[in-house]
Amino acid sequence: MLSDLFNYEKETFFNYINLIGSASYPHLPTIAYKSLPFQTVPHELTYSSSYFPRAETTRILTDKANILLHGLFEGSEEYDCDIQPWSGTQANQIVFNAVLKPGDRILALDLKSGGHISYHSFNKRFYNLDTYECGPDGLIDYTELCEKILAVKPQLVIIGGSSYPRSFKYEAVHQSCQEVGSLLLADIAHRDIYIAAKLHESPFGFADFITTTTHKALRGPRGGIILYKGKFARQLKNSVFPVMQGAPDIASMISKVSCLQFNTPDEVQRFALSARHSIARFKEFFESKRFPLISDGTDTHLLLVDIRCTGETGKELERLLEKNMILINRNCIPQDPLKANLASGIRLGSLGVASLGFNSEELNFVISQLEQVFQGHQADVRRIKSLIHEKVSQYLKGWENGMSEVKMRMIGQ
């Protein structure tokens, strides 16, 4: 069974054009650290003390991550970080548990407007959840949002989303939160590199908590990061342990620090511009075919396309493209009449092709294959497999180098 699953995942990795919005290829020397067998000592610790000997590594890694994050994000010096969370969802849940009581009110972006499902599925169990939506143009109306904050008076406002392709305006929301005493959480997964590269407005100085993931645009191991203002340190740390998780994974924490070392300001600027250049090519294609684009475009690597003109659902188009070796995902659009498992839209992203360094000619080929499928023809599956195999094989050289370095460090050479 394991052999079959391995081959299934290997086929996905080597043969498919991956345009899933959240998918990227990790920096392999960074990901190699996840193979370290450092799990013999549990590292559970509270705000003030640890429960086991030789558990200082967690604090040392956290301190190093703080320095690197302060260097990456301008204006972040008043924030501390926690790099233990296993995912972005868990990072958010740690914040909820730290500062909210059951029955408190949260205001978050509606699912069909691009909000992440974790804001809803978890919060509805413990808190009162209100939502704000995009307007008919697919954009957030910040005047309406601020008015809703003043009316609802939530304990926490979440600014963030997984399929909203535009940047966010944190300062305006912060001002309304200040008026009614609401805390502000900025979930910058999908937007972290654009904020670091100063291509988007920054939440630093405005948000009380900032969460992100290390496996999307930062191209590191799968996991989450929390940045928080220092006054919340005790609540945050005690929410991590003993409430929301047990011992951290030291190998993953090392890998996250390596990821942050890789993401220098220059590298982040380069990759952010590359991802936006790549998605612009796809935007041009869909516009040329008269597909409505939600919010009329993008400020990120994400594109949300209304595909109702095809007569297909998002689910049907997702499966059709998969048969042609192209991966995207179905996605609801604002005011979508269909349920999420069918959806009237598709979401695609450019992190995968940008991670593999696709040039203009290769991007043109990918777009031509999308066009073939949309016109009812078969994509050139043989050429797709050949191209992806070549790009991934080049990429995997970094894996060999990274594994060799980790192995040599482990055995003392």
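Residues numbered from 1 in each chain as written. Predicted model: local features only at pLDDT ≥ 70, side-chain atom pairs only at ≥ 80, totals over all residues. Heavy atoms only, no water.

Chemist: Go over the overall build of the chain, please, and point to the residues and values.
Modeler: Along the backbone of the chain there are 17 helices and 12 strands. In terms of C-alpha radius of gyration, the chain reaches 22 Å, essentially the compact-globule figure of 22 Å for 413 residues. For the chain, restricting intrachain contacts to residue pairs at least 6 apart in sequence, the fraction spanning at least 24 positions comes to 73%. Accessible surface for the chain amounts to roughly 18300 Å². Of this, 50% is attributable to carbon and sulfur atoms. (Helix = DSSP H or I, 4+ residues; strand = E, 2+ residues; numbered from the N terminus. Rg over C-alpha atoms; globule rule 2.2 N^0.38 Å. Contact = heavy atoms within 4.5 Å. Areas by Shrake-Rupley, 256 points an atom, 1.4 Å probe, with all protein chains shown as cover.)

Chemist: With reference to specific residues and values, describe the sheet that holds strand 11 (residues 329-331).
Modeler: Ordered in space as 9-12-11, the three strands form an open sheet in which the pairing is antiparallel. Looking at strand neighbours, the two that pair on one side only are strand 9 (302-306) and strand 11, the edges of this open sheet. Neighbour-to-neighbour, the strand axes of the sheet open up by a mean angle of 35°, direction not taken into account. In the sheet, strand 9 pairs with strand 12 (residues 345-349) via five bridges, with the strands oriented antiparallel. Bridge pairing in strand 12 places Leu302 opposite Gly349. (Pairing = 2+ DSSP bridges. Axes fitted to C-alpha atoms, helices over the stretch in contact; angles between N-to-C directions.)

Chemist: Describe the nonpolar core, and please don't skip the residues or the numbers.
Modeler: Ranked by internal contacts, the top residues of the largest apolar core, which has 56 residues, are Ile140, Leu145, Ile159 and Val173. Considering each element in turn, this core owes the most residues, seven residues, to helix 11 (residues 250-262). Excluding residues that lie within four positions of it along the chain, Leu145 makes contacts with Leu107, Tyr132, Ile140, Ile159 and Val173. Formed by 40 residues, the second largest nonpolar core is a distinct cluster that contains Ile17, Leu19, Ile31 and Ile279. (Core = buried A, V, L, I, M, F, W, Y, C linked by side-chain atoms within 4.5 Å. Buried < 20%, exposed > 50% of the residue type's maximum accessible area, 1.4 Å probe, protein only.)

Chemist: Describe the environment of Leu338, with residues and values.
Modeler: Inspection of the secondary structure assignment puts Leu338 in the loop between strand 11 and strand 12. Placed 236 residues apart in sequence, Leu338 and Pro102 show a C-alpha to C-alpha distance of 32 Å. When near neighbours in sequence (up to four residues on either side) are disregarded, Leu338 contacts Lys112, Thr313, Cys332, Ala343 and Ser344.

Chemist: Describe helix 7 (residues 142-152), naming the residues involved and giving the relevant values.
Modeler: Among the residues making up helix 7, those that are buried are Tyr142, Leu145, Cys146 and Ile149. Down the axis of helix 7, the buried side of the element spans an arc of 95°, and every buried residue falls inside it. Helix 7 presents Thr143, Glu144 and Ala151 as exposed residues on the side facing more than 90 degrees away from its buried surface. Buried positions along helix 7 lie against strand 3 (105-109), strand 4 (128-132), strand 5 (156-159) and helix 8 (170-180). Of the residues flanking the start of helix 7, the one acting as N-cap is Asp141, its side-chain oxygen 3.0 Å from the backbone nitrogen of Thr143. Looking at the residues trailing helix 7, positive phi occurs at Lys153, about 55°. (Arc of directions from axis to C-beta. Polar contact = N/O pair within 3.5 Å; in protein donor to acceptor, adjacent residues only side chain to side chain.)

Chemist: Let's hear about the environment of Gly357: which residues, and what values?
Modeler: Residue placement: Gly357 occurs in the loop between helix 14 (351-355) and helix 15 (360-374). The class of Gly357 is partly exposed, set by a relative accessible area of 44%. Setting aside its immediate chain neighbours within four residues, Gly357 contacts Glu362 and Lys391.

Chemist: Provide a residue-level description of the packing of helix 12 (residues 265-288) against helix 15, including the pertinent values.
Modeler: The geometry of a pair of packed helices is captured by two quantities: the angle between their axes and the separation between those axes. It is the contact of helix 12 with helix 15, at a shortest axis distance of 11 Å, that shows an interaxial angle of 35°. Where helix 12 crosses over helix 15, the two elements pack in a sense that is right-handed. Contacts between helix 12 and helix 15 involve His277, Ser278, Arg281, Phe282, Phe285 and Phe286 from the first element and Ser360, Leu363, Asn364, Val366, Ile367, Leu370, Glu371 and Phe374 from the second. For the contact of helix 12 with helix 15, the residue count by class is eight nonpolar, four polar and two charged. (Left-handed = near helix turned anticlockwise from the far one by under 90°. Nonpolar A, V, L, I, M, F, W, Y, C, P; charged D, E, K, R; others polar.)

Chemist: Can you break down the pattern of salt bridges residue by residue, with the values?
Modeler: Counting across every chain of the model gives 12 salt bridges. Among the ionic pairs, Asp299 bridges to Arg166, the shortest N-O distance being 2.9 Å. One end of the pair, Asp299, is in the loop between helix 12 and strand 9; the other, Arg166, is in the loop between strand 5 and helix 8, with 133 residues separating them in the sequence. The salt bridge involving Arg308 is made with Asp306; its shortest N-O contact spans 2.7 Å. With a relative accessible area of 7%, Asp306 lands in the buried category. Counted as one network, the salt bridges with shared partners bring together Arg219, Glu267 and Arg270. (Salt bridge = Lys/Arg side-chain N within 4 Å of Asp/Glu carboxyl O.)

Chemist: So what's going on with the side chain of Gln245? Which residues, and what values?
Modeler: Counting through the fold element by element, Gln245 comes out in the loop between helix 10 (233-244) and helix 11. A polar side-chain atom of Gln245 sits 3.4 Å from a polar atom in the side chain of Gln84. Reaching out from Gln245, the side chain makes a polar contact with the side chain of Gln90 at a distance of 3.4 Å. Sequence-distant contacts of Gln245, that is, excluding residues within four places in its chain, are made with Gln84, Pro85, Trp86, Gln90 and Val240.

Chemist: Go over the packing of aromatic side chains, please, and point to the residues and values.
Modeler: Per the counting criterion, the structure on display carries 17 aromatic pairs. Both rings, one in Phe168 and one in Tyr170, keep their centres 6.3 Å apart while their planes meet at 55°; by these two values the pair is tilted. Exposure remark for Phe168: the relative accessible area of 2% places this residue in the buried category. Between Phe291 and Phe374 the ring centres are 5.2 Å apart and the planes differ by 55°, which places this aromatic pair in the tilted class. You can see Phe291 sitting in the loop between helix 12 and strand 9 and its partner Phe374 sitting in helix 15, a full 83 residues away along the chain. Taking relative accessible area as the criterion, Phe374 reaches 22% and is therefore assigned partly exposed. Note that Arg219 overlies the ring of Phe271, its terminal NZ or CZ placed 3.6 Å from the centroid. (Phe/Tyr/Trp six-rings, centres within 6.5 Å; stacked < 30°, edge-to-face > 60°. Lys NZ or Arg CZ within 6 Å of the ring centre and 35° of its normal.)

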